[in-house]
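Fold and contact review
Chain by chain, the residues:
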Amino acid sequence: MKKNNGLAEGPDGLVYTARLPLSSATLNWLADLIRGHLKKVASRWRALPAGKIAAIALAVLRCDQRPGDLAGGNGVHRTTVTRWVREVVGLLAARAPRLDRALKKIARSGGGVVLLDGSLIRTRRRTGTENRKNYSGKHKCHGLLVITLTDDKGRLVRVSAVRPGRNSEITACRHDGLTAHLRAAGLGAIADLGFVGLDDSGPDSNPAVITGYKAARNKPLTRGQKLSNRALAAVRAPVEHGFAHLKNWRVLGKVRTDPKWATALVRALLVLTNREVAR
């Protein structure tokens, strides 16, 4: 008896259509950005039009679609799709706001405080000593630390550079000189207990970073301190919505690329998130 062990999907594979949960305004804006870039670099030809390239890049970022699958469905090579995605990420990351400009913009609009928080972006575990610095003892996994600032409504304002997961939130903020930028803009920041000790201002000066109270082993919190922590937690609640919007991009589920490229990736997603939220 003759056996037929051919591929189930056929020699050319199957192509299907899927819905991308993004607005057409974001797609058109990104396509115009790509067209402007192609005109600037005098690129006369691409395998696909700018609108199609924008849709492919958004599918990779939003749904974490594999470049190889998208390449097969659009008649291009996998490396071409990867190159397009990196090109789009670079264009978007260049439009991310700087820290000082973002804080001054909030101050000009009448805002008085920003919300500060940190999160860990998980990465694929790799072998070797180079990946040991990405292990977070707090979260018990490998990842990259990112610090975000939002306004009092939870709208993302700024994303810091991505750092190895072994770093603490305070170390990352001090590396960026966050408290100095806050005082220069005349703003304060509300943060959780992970940022206790970040603000080293004197007792007579106004604090740049406001945190709650930590309980010690032999010194429990008083009733007033518990009420203060509860009030700060209610004020900080919108920052979680900002992180939720950012992590809706499934490419951040587990970063499989070079961690050095993750900073550009996160800042590109910040720009796209603000476009989606503000529409």
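Cut-offs used in this document
- Residues numbered from 1 in each chain as written.
- Predicted model: local features only at pLDDT ≥ 70, side-chain atom pairs only at ≥ 80, totals over all residues.
- Heavy atoms only, no water.
- Phe/Tyr/Trp six-rings, centres within 6.5 Å; stacked < 30°, edge-to-face > 60°.
- Lys NZ or Arg CZ within 6 Å of the ring centre and 35° of its normal.
- Axes fitted to C-alpha atoms, helices over the stretch in contact; angles between N-to-C directions.
- Helix = DSSP H or I, 4+ residues; strand = E, 2+ residues; numbered from the N terminus.
- Left-handed = near helix turned anticlockwise from the far one by under 90°.
- Contact = heavy atoms within 4.5 Å.
- Nonpolar A, V, L, I, M, F, W, Y, C, P; charged D, E, K, R; others polar.
- Patch = residues over 30% accessible without salt bridge, like charges linked within 9 Å, V, L, I, M, F, W, Y side chains within 5 Å.
- Areas by Shrake-Rupley, 256 points an atom, 1.4 Å probe, with all protein chains shown as cover.
- Salt bridge = Lys/Arg side-chain N within 4 Å of Asp/Glu carboxyl O.
- Lys, Arg positive; Asp, Glu negative; His and termini not counted.
- Charge placed at Lys NZ, Arg CZ, Asp CG, Glu CD.
- Buried < 20%, exposed > 50% of the residue type's maximum accessible area, 1.4 Å probe, protein only.
- Expected span 1.5 Å × (residues − 1).
- Bend = angle between axes of the 7 residues up to and from the residue.

1. Some details on the packing of aromatic side chains
In this structure the tally under the stated criterion is zero aromatic pairs. Its guanidinium or amino end placed over the ring of Trp249, Arg62 lies 4.8 Å from that ring's centre, counting from NZ or CZ. The ring of Trp261 has Arg86 sitting right over it, with the charged end atom 4.3 Å from the ring centre.

2. Structural notes on the packing of helix α5 (residues 99-108) against helix α7 (residues 178-185)
The packing of two helices is summarised by the inter-axis angle and the distance between the axes. Two elements in contact, α5 and α7, have axes whose closest approach is 9 Å; the angle formed by their N-to-C orientations is 35°. Crossing geometry of α5 relative to α7 is assigned as right-handed. Contact residues: α5 offers Leu99, Asp100, Leu103, Lys104 and Ala107, while α7 offers Leu178, His181, Leu182 and Ala185. Its residues assigned to classes, the contact of α5 with α7 comprises six nonpolar, one polar and two charged.

3. Quick notes on a positive patch on the surface
Taken together, the side chains of Arg101, Lys104, Lys105 and Arg108 define a basic patch exposed on the protein surface. Mapped onto the fold, Lys104 is located in helix α5. Here Lys104 falls in the partly exposed class, since its relative accessible area comes to 48%.

4. As for helix α8 (residues 223-246)
An ideal rise of 1.5 Å per residue puts 34 Å on 24 residues; α8 measures up with 36 Å between its terminal C-alpha atoms. Of all the bends in α8, the largest measures some 35° and sits at Val235, one to four residues before the proline Pro238. Within α8, burial applies to Asn229, Leu232, Arg236, Pro238, Val239, Gly242, Phe243 and Leu246. Contacts made by the buried residues of α8 are with β1 (113-122), β3 (141-150), β4 (156-159), β6 (188-190), β7 (209-210) and α9 (262-278).

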